Amino acid sequence: ELTIEEASRHLARGELSAVTLTQAVLDRIAAVDPRIGAYLTLDAEGALAAYARVLAVAPVHGPTLAALEQFLDRPEAAQAAALLEPAMRSEARWEFLMRVVALQAREEQDPAEKARRTREVAELQEHKLDDATGAYGTWQRLLALDPSDGSVREQLERLAGALDGWEALAPRPR
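What counts, and where the lines are drawn
- Residues numbered from 1 in each chain as written.
- Predicted model: local features only at pLDDT ≥ 70, side-chain atom pairs only at ≥ 80, totals over all residues.
- Heavy atoms only, no water.
- Phe/Tyr/Trp six-rings, centres within 6.5 Å; stacked < 30°, edge-to-face > 60°.
- Helix = DSSP H or I, 4+ residues; strand = E, 2+ residues; numbered from the N terminus.
- Buried < 20%, exposed > 50% of the residue type's maximum accessible area, 1.4 Å probe, protein only.
- Lys NZ or Arg CZ within 6 Å of the ring centre and 35° of its normal.
- Core = buried A, V, L, I, M, F, W, Y, C linked by side-chain atoms within 4.5 Å.
- Contact = heavy atoms within 4.5 Å.
- Axes fitted to C-alpha atoms, helices over the stretch in contact; angles between N-to-C directions.
- Parallel < 35°, antiparallel > 145°, perpendicular 65-115°, else oblique.
- Left-handed = near helix turned anticlockwise from the far one by under 90°.

1. Details of the packing of aromatic side chains
- In the structure shown here, the tally under the stated rule is one aromatic pair.
- On the numbers, 6.2 Å between centres and 75° between planes, the contact of Tyr51 with Phe71 is edge-to-face. Placement of Tyr51 in helix α3 (residues 44-57) and of Phe71 in the loop between α4 (62-69) and α5 (77-90) is noted, with a sequence separation of 20 residues between them.
- Residue classification places Phe71 among the buried residues on the basis of a relative accessible area of 7%.
- Above the plane of the ring of Phe96 lies Arg93, whose end atom (NZ or CZ) is 5.0 Å from the centre.

2. Things to note about the nonpolar core
- Core analysis: the biggest nonpolar cluster contains 21 residues, and Leu72, Leu84 and Met88 have the highest contact counts within it.
- For this core, the elements supplying multiple residues, two or more each, are α3, α4, α5, α6 (94-107) and α7 (111-128).
- In this structure, Leu84 is in contact with Leu65, Leu68, Glu69, Leu72, Phe96 and Val100, ignoring residues within four places of it in sequence.
- Trp139, Val152, Leu156 and Ala160 belong to the second-largest nonpolar core, a separate cluster that totals ten residues.

3. Considering the environment of Glu91
- As for its placement among the helices and strands, Glu91 is situated in the loop between α5 and α6.
- For the pair formed by Glu91 and Ala38, sequence separation is 53 residues and the distance between their alpha carbons is 40 Å.

4. Brief notes about the side chain of Glu76
- Note that Glu76 resides in the loop between α4 and α5.
- Setting aside its immediate chain neighbours within four residues, Glu76 contacts Ala44, Glu45, Leu48 and Phe71.

5. A look at the packing of α6 against α7
- Relative to each other, α6 and α7 sit at 160°, their axes nearing to 8 Å. On the basis of the axis angle, α6 is roughly antiparallel to α7. Relative to α7, the crossing made by α6 is left-handed. Across the interface between the two elements, Trp94, Leu97, Met98, Val101, Ala102, Gln104, Ala105 and Arg106 from α6 touch Lys114, Arg117, Thr118, Glu120, Val121, Leu124, Gln125 and Lys128 from α7.

See below:
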């Protein structure tokens, strides 16, 4: 735990980032406040709106992107993912983009959009991350979402041949 003065010195010397300090303070508030009730609310929505304004001016602003990454494990994850997605695409950060799109797919309620996002995850895995095995698993999940989609079956058959995974495609006896 740092005093304000110590934190200020560390920030000035570049030994501590504002994002890290802010996250540490928020984590401490979350841990302690249920017992003492000092805060009425933490304004995650306001923070996300402020980050959106920064990204509108500087679409790949590093500290803002780093701060938004912290939201991916919070209830506001879908909003943070929507803000992060364009930067991850423009910066070709494929692994992170895949994480963001997968989160969006999980949260999506519309079946067609959920399928579109899941398809994109599979394509990122195979074509940008060279992870044919991961893509195969994602195509299998997509087939479970819509068993009638012939294009998904085609992708699974193609990858099964490449991965020697025909057993996984064969119907199991009941």
